[in-house]
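So you can see what is in the structure, the chains are spelled out below.
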Amino acid sequence: MKITEYCGNIEFSILHFIFSLTDEISEKIAQKKLFYKEQIKRYIRKQIDFFFRAFKLKKALLYTYKYETYNTIMFKLKSTLKEHNVFQCV
């Protein structure tokens, strides 16, 4: 049994998106292309909105997917943000 068969095509594509976006953002932080926490949050939200435009889902399910995707990405980036001393507005 493959992962796509186990969790479904939508969930698999979301997982793939999470890992690829996290890797992309980590690279941009290391290259100093993204260096403010608010800038990173805006970039993540924009990419999530672009990604979920392709899905035809009910609004409640769409908001849930977006919320969980955002939280997962931010959780995965937590150590990277600390490691590179990303600026944060107080």
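About the cut-offs
- The numbering scheme is per chain: residues are counted from 1 as the chain's sequence reads.
- In keeping with the predicted nature of the model, local features appear solely for residues at pLDDT of at least 70, side-chain atom pairs appear and are counted solely at 80 or more, and the whole-chain, interface and lining totals rest on all residues.
- Hydrogen atoms and water are omitted, and side-chain values are computed over all heavy atoms in the structure.
- Axis lines are fitted through C-alpha atoms, for helices just across the contact stretch, and the angle between N-to-C directions can take any value from 0 to 180 degrees.
- The helix count covers DSSP runs of H or I at least four residues long, the strand count covers runs of E at least two residues long, and both are numbered beginning at the N terminus.
- When the near helix sits turned anticlockwise from the far one by under a right angle, the crossing is termed left-handed; a clockwise turn instead gives a right-handed crossing.
- Only heavy atoms matter for contacts: two residues are in contact if any of them lie within 4.5 Å across the pair.
- Lys, Arg, Asp and Glu make up the charged group, whereas Ala, Val, Leu, Ile, Met, Phe, Trp, Tyr, Cys and Pro make up the nonpolar group; the residues left over, Gly among them, are polar.
- Here a polar contact is taken to be a pair of N or O atoms separated by no more than 3.5 Å, where protein atoms must pair a possible hydrogen donor with a possible acceptor and residues adjacent in sequence count only if both atoms sit in side chains.
- Between rings of Phe, Tyr and Trp, where Trp is taken as its six-membered ring, a pair exists when centres lie within 6.5 Å; planes separated by under 30 degrees are stacked, by over 60 edge-to-face, and by other angles tilted.
- Partly exposed residues are those whose accessible area sits between 20% and 50% of the maximum for their type, while under 20% is buried and over 50% is exposed, using a 1.4 Å probe and protein chains only.

S.K.: What is the right way to look at the packing of helix α3 (residues 37-52) against helix α4 (residues 59-83) in this model?
M.R.: The angle between the axes and the distance between the axes are what describe a pair of packed helices. Put simply, α3 and α4 touch, their axes get as near as 10 Å, and they point 145 degrees apart. Judged by the twist between their axes, the crossing of α3 over α4 is right-handed. Across the interface between the two elements, Lys37, Ile40, Lys41, Ile44, Arg45, Ile48, Asp49 and Phe52 of α3 pack against Leu62, Tyr65, Lys66, Thr69, Tyr70, Ile73, Met74, Leu77 and Leu81 of α4. Looking at the contact of α3 with α4 residue by residue, the class counts come to eleven nonpolar, one polar and five charged.

S.K.: I'm lost on the side chain of Thr69 in this one. Help?
M.R.: Checked against the element boundaries, Thr69 lands in helix α4. Polar side-chain contacts of Thr69 include one of 2.6 Å to the backbone oxygen of Tyr65. The contacts of Thr69, once residues within four sequence positions are left out, are Ile14, Phe17, Ile18, Ile48 and Phe52.

S.K.: Quick question: what am I supposed to make of the environment of Gln39 here?
M.R.: Among the secondary structure elements, Gln39 is positioned in helix α3. Distance from Gln39 to Phe87, taken between C-alpha atoms, is 9.7 Å for residues 48 residues apart in sequence. Dropping the residues within four chain positions of it, Gln39 is found in contact with Lys33 and Leu34.

S.K.: Explanation requested: the packing of aromatic side chains in the structure shown.
M.R.: We describe a pair of aromatic rings using the distance from one ring centre to the other and the angle between the two ring planes. For the structure on display, the rule yields six aromatic pairs. Ring geometry for Phe51 and Phe52: centres 5.1 Å apart, planes at 80 degrees, overall edge-to-face. On the accessibility criterion, Phe52 (2% relative accessible area) is buried. Among the aromatic side chains, those forming a connected cluster through ring pairs are Phe17, Phe51, Phe52, Phe55 and Tyr65.

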